[in-house]
Amino acid sequence: SVLLSINNFLDALRIFEALGNEKEVSNCLGNVGISYFRLNNKPEAANFFKQSLAIREKIGDIKGISTTLGNLVTLYSSISLDSALIYQQKALEYAERSGIKSNKAQAYSNTATLLNKQNKFSEAFLLQEKAASIYPVSYTHLTLPTSDLV
């Protein structure tokens, strides 16, 4: 069950804290956040995701930061599009820093999706075009917010 998973992740968290392994502490915090998200306990999920993010930022775990920001975007997309967009902008910054074209293209596309949900169609369209220009090969695999465009 999900509650058993939470208890197991918290047990592992205590072990990794005792060992001083911050990356694994952050992983455990993120997993607890995912578990709370699955239970639809969004405040607890946000709390654990934010704790995980703080550690990942401290240790410079770019991939982990990107993943955790993605979790926060997913969480806040159903609560507050404005908050989701703030986290998505940060995710876009990390995608750009990574230099990985497909990550950058996907981040632009994800940002466009959120803007589209806010009826900011022109901005969303420009970001879709930017995604396609950055990495046209992977663009066919991106999730595009075109169904609501007029």
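Here the structure is shown first, and the text comes after it.
Keep in mind it's a predicted model, so treat the numbers as computed, not measured. (Residues numbered from 1 in each chain as written. Predicted model: local features only at pLDDT ≥ 70, side-chain atom pairs only at ≥ 80, totals over all residues. Heavy atoms only, no water.)

Visitor: Just to check I follow, could you spell out the packing of helix α5 (residues 81-98) against helix α6 (residues 101-117) for this structure?
Guide: Between two packed helices, what matters for the description is the angle formed by their axes and the separation of those axes. Here α5 crosses α6 at 165 degrees, and the two axes come no closer than 9 Å. Relative to α6, α5 is oriented roughly antiparallel. α5 and α6 meet at a crossing whose hand is left-handed. Taking contact as the criterion, the partners of Leu81, Ala84, Leu85, Gln88, Gln89, Leu92, Ala95, Glu96 and Ser98 in α5 are, on α6, Asn103, Lys104, Ala107, Tyr108, Asn110, Thr111, Leu114, Leu115 and Lys117. The residue makeup of the contact of α5 with α6, split by class, is nine nonpolar, six polar and three charged. (Axes fitted to C-alpha atoms, helices over the stretch in contact; angles between N-to-C directions. Helix = DSSP H or I, 4+ residues; strand = E, 2+ residues; numbered from the N terminus. Parallel < 35°, antiparallel > 145°, perpendicular 65-115°, else oblique. Left-handed = near helix turned anticlockwise from the far one by under 90°. Contact = heavy atoms within 4.5 Å. Nonpolar A, V, L, I, M, F, W, Y, C, P; charged D, E, K, R; others polar.)

Visitor: Help me understand the layout of surface pockets in this model?
Guide: Here the largest pocket is characterised by a volume of approximately 160 Å³. Around the largest pocket sit 14 residues that line it, and Asn27, Arg56, Gly64, Thr67 and Thr68 are the ones nearest its centre. Partitioning the lining of the largest pocket into residue classes produces two nonpolar, eight polar and four charged. (1 Å grid on protein atoms, 1.4 Å probe; cavity = no way out; pocket = protein on both sides within 12 Å on 5 of 7 lines; lining within 4 Å. Points joined across faces, edges and corners; volume = space filled by probe spheres on them.)

Visitor: Sorry if this is basic, but what is going on with the nonpolar core here?
Guide: Considering soluble globular proteins, one finds that nonpolar side chains tend to be buried as a cluster. Counting residues in hydrophobic clusters, the biggest one holds 35 residues, and the most contacted among them are Leu29, Tyr36, Leu69, Leu72, Leu75, Tyr76 and Tyr87. Broken down by secondary-structure element, the contributors of at least two residues to this core are α1 (2-19), α2 (22-38), α3 (42-59), α4 (62-77), α5, α6 and α7 (121-134). If you tally residues by element for this core, the top one is α5, at seven residues. Excluding its chain neighbours within four sequence positions, the residues that come into contact with Leu69 are Leu53, Tyr87, Lys90, Ala91 and Tyr94. (Core = buried A, V, L, I, M, F, W, Y, C linked by side-chain atoms within 4.5 Å. Buried < 20%, exposed > 50% of the residue type's maximum accessible area, 1.4 Å probe, protein only.)

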